[in-house]
Amino acid sequence: MRTEFAASLERAAAGEELTREDIINLLAAAPGAEEEALYRLADSVRARVAGDEVHLRGVIEFSNYCRRHCYYCGLRADNAKLQRYRLMPEEIIAAARRGAELGYGTIVLQSGEDPWYTGPMLAEIIREIKKLGVAVTLCVGERTRDEYAMWREAGADRYLLKHETANADLYARLHPGMSWQERLRCLQWLRELGYQVGSGNIIGLPGQTLADLADDLILLRQLDVEMAGLGPFIPHPATPLGGEPAGSLDLTYRVVATARLVIPYAHLPATTAVGTLAPNGRQLALQRGANVIMPNLTPTRYRADYQIYPNKICVNEGPEDCRHCLEGMVRALGRRLGRGPGHTLKPLPVQ
Ligand code: 5AD
Ligand code: FES
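Rules of the game
- Residues numbered from 1 in each chain as written.
- Chains lettered and ligands numbered in written order.
- Predicted model: local features only at pLDDT ≥ 70, side-chain atom pairs only at ≥ 80, totals over all residues.
- Heavy atoms only, no water.
- 1 Å grid on protein atoms, 1.4 Å probe; cavity = no way out; pocket = protein on both sides within 12 Å on 5 of 7 lines; lining within 4 Å.
- Points joined across faces, edges and corners; volume = space filled by probe spheres on them.
- Helix = DSSP H or I, 4+ residues; strand = E, 2+ residues; numbered from the N terminus.
- Nonpolar A, V, L, I, M, F, W, Y, C, P; charged D, E, K, R; others polar.
- UniProt positions renumbered as here; feature names shortened; annotations may be inferred.
- Contact = heavy atoms within 4.5 Å.
- Near = heavy atom within 4 Å.
- Polar contact = N/O pair within 3.5 Å; in protein donor to acceptor, adjacent residues only side chain to side chain.
- Areas by Shrake-Rupley, 256 points an atom, 1.4 Å probe, with all protein chains shown as cover.
- Sits in = over half its atoms within 2 Å of the grid points.
- Buried < 20%, exposed > 50% of the residue type's maximum accessible area, 1.4 Å probe, protein only.
- Pairing = 2+ DSSP bridges.
- Right-handed = clockwise from strand over helix to strand, strands pointing away.

*Asks:* Lay out the layout of surface pockets with the relevant residues and their values.
*Replies:* Of the voids in this model, the largest pocket is the one considered here, and its volume is about 290 Å³. As for the largest pocket, its lining consists of 18 residues, of which Ala12, Gly15, Glu16, Leu261 and Pro264 are closest to the centre. Secondary structure elements with two or more residues in the lining of the largest pocket: helix H1 (3–13), helix H3 (33–50) and helix H10 (249–262). For the lining of the largest pocket, the element with the highest residue contribution is H3, accounting for five residues. Residue composition of the lining of the largest pocket, grouped by class: eleven nonpolar, two polar and five charged.

Right, dumping it as structure tokens:
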């Protein structure tokens, strides 16, 4: 092992606050002994803070309409090839009921940025789903503070809004008409309103450096997130980045493992995107720091059209299939399914 890497890993093992330099050193772990040592430490920290429970968060992708133009995303408004769909409120609630029956403690409502669903409409849907006794996570992008407040009042527990990249220039290049400051302002509002906040970034974006990824983790630490979604970039042919190479899976694992050391108490999902790049991708992520999986709960007939990136897994499966598949996966790893809502892992503040 190189000395800088070993020194940074040692500081992580001792629970010291990692500097930007440390984080870069860890992200640069070389294949072989360095990566193995990083993964071993991340897995032991995961076991200590999160235990062996793997929480399942059932995701309902309820609309693939999107008003945005993100350069990487297949749902971008300009993608005329995509067949668009919207689930009616009753369909969303029925899918959530199915998820509760399957034992999921959390229902995630995810969509493109689709203003067709007004604040009050989503509030009503949230109220109905909360009657099922589950936690509700929203993932519907940038909205007004009043809407975030209304949904929180309706019972929403958590909100996912990825910062996508902490490099403000790169952010500006990839998100025409959007602003990084605005993104952070939304995250700040969500925090003020008492949500458990999730953010996260894409790994392997064109032009992104290891230092950028270190800044992503530092931003997540500053935001004090309860959850972080960290997934590889997968090029979508119907987007401006369609010709770019995919993000590296190994780099993704190094980011997930390092995240477990930088923000130990965050829930880290083994993302669908790692599962898309490798058949055992999610299993490996779970052994390298991740502790959550987000099974698809979307009715099968819509799944193929929620094409954020190509070759997404589970598009021909139904809710039951994913439930059974994941139970088997979790057991095969010697872990167990989480019970209850799987709220924040953060320790209670000392009185
Ligand atoms: N590759 C990887 N992740 C993507 N996302 C969108 N498009 C892609 C892509 N091509 C991620 C973004 C977004 C989430 C819903 O999906 O991080 O926040
Ligand atoms: Fe959907 Fe495995 S998680 S089939």
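There is more to say, and it comes next.
*Asks:* Any chance you could break down the UniProt feature "binding site: S-adenosyl-L-methionine" (unreviewed entry) in the chain for me, citing the residues and the numbers?
*Replies:* Per the UniProt record, the feature "binding site: S-adenosyl-L-methionine" (unreviewed entry) sits at Glu164 and Arg183. Taken together, the annotated residues stretch across 20 residues yet fold into one region, lying no more than 9.6 Å apart by C-alpha. Put simply, the named residues that line the largest cavity are Glu164 and Arg183. Its place among the elements puts glutamate 164 in the loop between strand S4 (158–160) and helix H7 (168–174). Once you skip the residues sitting within four places of it in the chain, glutamate 164 turns out to touch Tyr72, Tyr171, His175, Arg183, Gly200, Asn201, Ile202 and Leu205. Position of arginine 183 relative to the elements: it lies in helix H8 (residues 180–192). If we ignore the near neighbours within four places in the chain, the residues touching arginine 183 are Glu113, Glu142, Leu161, Lys162, His163, Glu164, Tyr171 and Met178.

*Asks:* Tell me about the site of ligand 1, and name the residues and values.
*Replies:* The full set of residues close to ligand 1 is Tyr72, Cys73, Lys162, Glu164, Ile202, Pro232, Phe233, Ile234, Ile308 and Tyr309. Contact distances for ligand 1 include 2.8 Å between a nitrogen atom and a backbone N or O atom of tyrosine 72. Note that a nitrogen atom of ligand 1 is positioned 2.7 Å from one of the backbone N or O atoms of isoleucine 234. Here ligand 1, which alone exposes 410 Å², has 85% of that area covered by the protein. Under a 2 Å grid-point criterion requiring more than half of the atoms, the pocket assigned to ligand 1 is the largest cavity. When its residues are assigned to classes, the shell around ligand 1 shows eight nonpolar, no polar and two charged.

*Asks:* Tell me about the UniProt feature "domain: Radical SAM core" (unreviewed entry) in the chain, and please be specific about residues and values.
*Replies:* Listed under "domain: Radical SAM core" (unreviewed entry) in the UniProt record, and renumbered for this structure, are residues 52–266. Across residues 52–266, helical content stands at 38% and strand content at 18%; the span's end C-alpha atoms are separated by 15 Å.

*Asks:* Lay out the pairing of strand S6 (residues 227–232) with the relevant residues and their values.
*Replies:* Consecutive residues of a regular strand have side chains that alternate between opposite faces of the sheet. Counting buried residues along S6, six of its six residues qualify, which places the element largely inside the surrounding structure. Neither face of S6 is exposed, since Met227, Gly229 and Gly231 on one face and Ala228, Leu230 and Pro232 on the opposite face are all buried. Examined bridge by bridge, strand S5 (residues 196–203) and S6 share six bridges and lie parallel to one another. Bridging from a neighbouring strand, asparagine 201 pairs with leucine 230 of S6. Taking the sense of rotation as the criterion, the β-α-β connection linking S5, helix H9 (residues 210–223) and S6 turns out right-handed.

*Asks:* How would you summarise the side chain of glutamine 208 if you had to cite specific residues and measurements?
*Replies:* If you trace the backbone, glutamine 208 turns up in the loop between S5 and H9. Residue glutamine 208 is classed as buried on the basis of its relative accessible area of 15%. Here glycine 204 takes part through its backbone nitrogen, which lies 2.7 Å from a polar atom of the side chain of glutamine 208. Residues within four places of glutamine 208 in sequence aside, it is in contact with Thr165, Leu170, Ile202, Ile203, Leu213 and Asp216.

*Asks:* Let's hear about unusual backbone geometry: which residues, and what values?
*Replies:* Positioned with a positive phi, aspartate 224 is a non-glycine residue whose angle comes to about 55°. For aspartate 224, the location among the structural elements is in the loop between H9 and S6. Residues other than glycine seldom take positive phi values, yet asparagine 311 does so here, at roughly 60°. Considering the arrangement of structural elements, one finds asparagine 311 in the loop between helix H13 (300–303) and helix H14 (319–332).

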